[in-house]
Structures are given as C-alpha cells and as structure tokens.
Amino acid sequence: MSIVVINVLSVPGEAGTELEKRFAARKHVVDSSPGFEGFKLLRPVNGGDKYFVYTQWATREDFENWREQRADAAHSGAAGQKPVASGAELLEFEIVEL
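About the criteria used
Residues numbered from 1 in each chain as written. Predicted model: local features only at pLDDT ≥ 70, side-chain atom pairs only at ≥ 80, totals over all residues. Heavy atoms only, no water. Phe/Tyr/Trp six-rings, centres within 6.5 Å; stacked < 30°, edge-to-face > 60°. Helix = DSSP H or I, 4+ residues; strand = E, 2+ residues; numbered from the N terminus. Buried < 20%, exposed > 50% of the residue type's maximum accessible area, 1.4 Å probe, protein only. Lys NZ or Arg CZ within 6 Å of the ring centre and 35° of its normal. Core = buried A, V, L, I, M, F, W, Y, C linked by side-chain atoms within 4.5 Å.

Some words on the packing of aromatic side chains
- Scanning the entire structure with this criterion turns up five aromatic pairs.
- Centre to centre, the rings of Phe 36 and Trp 57 are 5.3 Å apart; their planes meet at 70 degrees, and the pair counts as edge-to-face. With Phe 36 in strand β2 (residues 36–42) and Trp 57 in strand β3 (residues 50–57), this residue pair connects regions lying 21 residues apart in the sequence.
- Judged by its relative accessible area of 0%, Trp 57 falls in the buried class.
- Feature note: the residues Phe 36, Trp 57, Phe 63 and Trp 66 constitute an aromatic cluster, connected by ring pairs.
- The cationic tip of Arg 26 hangs over the ring face of Phe 23; the distance from NZ or CZ to the ring centre is 4.7 Å.

This is the structure we're talking about:
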C-alpha cells in the first residue's frame, strides 16, 4: 500500500524564495530511490508560513530506507548554508484505495 509523507516546514515569508530555490536545485535527487512515486513542494497562499513537502512511496519501508540513507548526507547539497526553515513536523498517511 502506498504511503504519503508530508514534511511541514515553518518558513518565514522572506525565506520562501530561498527554500524554493534550494528544492529546485535538487528536485530530482530522490527520483531513482527504490519505491519513490512522486514529490511536490506546496507553497502557502493565504498568509501563514507553512510549506508542505509532499512525497509518495510504494511502502513505508522504502521511505525508511531512503530516510536512513540521506541521514548520513544530511542535505549534502546545502553544505555551508544555514537552514531556511525554523521548524519541521513529519506527517505520514496511507493511501486509501476506494
């Protein structure tokens, strides 16, 4: 059963452009990961400071394997850069087949 993982990032308004730039620079990095099914970066439109990083995976195990692999790299593309987000929350969902 596919799962969706959403990382909710708190990003001050003035830093949104930088966040989007960083994601654009590495948007295909995860594409070849086993079980990866899709990615979207969602920008807030009615005020607020929450960006949603939406990813879809074939299984929870696929997500966990990718997460463990990238933990070592810890956003290697952002070496020397300060974080843009001031906080993050991880949400996980199963896709209900109707």
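Additional details are given in the paragraphs that follow.
A few points about the nonpolar core
- Counting eight residues, the largest nonpolar core is built from Leu 9, Val 11, Ala 15, Leu 19, Phe 23, Tyr 51, Val 53 and Val 84.
- The set of elements that each furnish at least two residues to this core consists of α1 (16–25) and β3.
- Ile 3, Phe 36, Trp 57 and Phe 63 belong to the second-largest nonpolar core, a separate cluster that totals six residues.

None of the figures reported here should be taken as evidence of function without further support.
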